[in-house]
Amino acid sequence: DYIFADLVGSSDFDIAVMSYFERLKILFESDQQAALTQLQNFIETNPQSNLLGEAYFLAGSLSYQRNEHENALRYFSRSKNYDLTAFQKERTDAMTGECWLMLGMNNQAEENLNRYLNLYPKGLFRDRAWFNLGITSFQNRDYNQHKSRLYALKTRHPESKLIQDANFYLAESDIFLSNYT
C-alpha cells in the first residue's frame, strides 16, 4: 500500500489515479463502504477523466463483490461508454449476465450470457457462462436444456473449477426427471 500511496502523489495524472484505484481495492478489503464512497466521489468530481471507464468498471466489480447486483449492472453499463482494456470489456460482458442471473432475471441473463459466448469464442469466462446458462435452465425447470448446457461445460472445459458443481446440478436434474439409474 505504501508504494501506491507514494504514486498517488505522482505528477502523471494517469499514474496517480491508477494508484488511487489500487489503494481503493486494498481499502475495500477492510472497509467496503468507504472504498465505494471514495470511488463514487471520484466519478462525480472527475466527469472528464480519461479513466472514468476504469472507475466505472472498478465500481461495478466492487459492487458485484458486495452482492449489489443492480448497482454493478449500472456501473458496468456506464463503463461500456468508455475505453476499456480487452480484459475489462470481456469481464464486463460476462459479469453482466451473472448479475442478471443473481437478480433472478433469467431472460436477461440468458440473452447476455449467450451474447458473451458469441462475442468471445476463446473467452476466459466461457465455462462460467455455460454454467450460468445451465443454472437459468434449471431455475426455469427446463431440465433437458439444463443438462445440455452443463454437458457443454464439461466437454468444452473439462479443466474448469465448476465441473464439480455441474455434476451436482446434473444429479439434481436427474432426480427431477426421475432418472434414477
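Refer to the structure above for everything that follows.
Note that the structure is predicted; figures quoted are calculated from it, not measured. (Residues numbered from 1 in each chain as written. Predicted model: local features only at pLDDT ≥ 70, side-chain atom pairs only at ≥ 80, totals over all residues. Heavy atoms only, no water.)

**Brief notes about the packing of aromatic side chains**
Here is step 1 of the chain: A complete count under the given rule lists 10 aromatic pairs for this structure.
Here is step 2 of the chain: When the centroid spacing of 6.3 Å and the interplanar angle of 35° are considered together, the rings of Y56 and Y75 count as tilted. Residue Y56 is located in helix α4 (residues 52-65), and its partner Y75 is located in helix α5 (residues 69-79); the two are separated by 19 residues in the primary sequence.
Here is step 3 of the chain: Look at Y56 and you get buried, because its relative accessible area is 10%.
Here is step 4 of the chain: Here Y75 falls in the buried class, since its relative accessible area comes to 8%.
Here is step 5 of the chain: The structure contains a cluster of three or more aromatic residues connected by ring pairs, namely F131, F138, Y143, F168 and Y169.
Here is step 6 of the chain: Stacked on the ring of Y75, the Lys or Arg R74 has its end atom at 4.7 Å from the ring centre.
Here is step 7 of the chain: We note R91 situated over the ring of F125; from NZ or CZ to the ring centre the distance is 4.8 Å. (Phe/Tyr/Trp six-rings, centres within 6.5 Å; stacked < 30°, edge-to-face > 60°. Helix = DSSP H or I, 4+ residues; strand = E, 2+ residues; numbered from the N terminus. Buried < 20%, exposed > 50% of the residue type's maximum accessible area, 1.4 Å probe, protein only. Lys NZ or Arg CZ within 6 Å of the ring centre and 35° of its normal.)

**Re the packing of helix α7 (residues 106-119) against helix α8 (residues 126-139)**
Here is step 1 of the chain: Orientation of α7 relative to α8, taken along the N-to-C sense of each, is 155°, at an axis distance of 10 Å. By the angle between their axes, α7 is roughly antiparallel relative to α8. Classified by chirality, the crossing of α8 by α7 is left-handed. Of α8, the residues touching α7 (which contributes N106, A109, E110, L113, N114, Y116 and L117) are R126, A129, W130, N132, L133, T136, S137 and Q139.
Here is step 2 of the chain: Here the contact of α7 with α8 is built from residues that sort into seven nonpolar, six polar and two charged. (Axes fitted to C-alpha atoms, helices over the stretch in contact; angles between N-to-C directions. Parallel < 35°, antiparallel > 145°, perpendicular 65-115°, else oblique. Left-handed = near helix turned anticlockwise from the far one by under 90°. Contact = heavy atoms within 4.5 Å. Nonpolar A, V, L, I, M, F, W, Y, C, P; charged D, E, K, R; others polar.)

**A word on the packing of helix α9 (residues 143-156) against helix α10 (residues 163-176)**
Here is step 1 of the chain: Between α9 and α10, whose axes approach to 10 Å, the crossing angle comes to 155°. In terms of axis orientation, α9 runs roughly antiparallel to α10. For the crossing formed where α9 meets α10, the hand is left-handed. Residues Y143, H146, K147, L150, Y151, L153 and K154 of α9 touch α10, and the partners they reach there are I163, A166, N167, Y169, L170, S173, D174 and F176.

**Considering unusual backbone geometry**
Here is step 1 of the chain: In the Ramachandran plot, N67 falls in the positive-phi region, its phi being about 65° despite a non-glycine side chain.
Here is step 2 of the chain: Relative to the helices and strands, N67 is located in the loop between α4 and α5.
Here is step 3 of the chain: Its identity is not glycine, yet R141 carries a phi of approximately 60°, on the positive side.
Here is step 4 of the chain: By the secondary structure assignment, R141 is in the loop between α8 and α9.
Here is step 5 of the chain: According to the relative accessible area criterion, R141 is exposed, its value standing at 64%.

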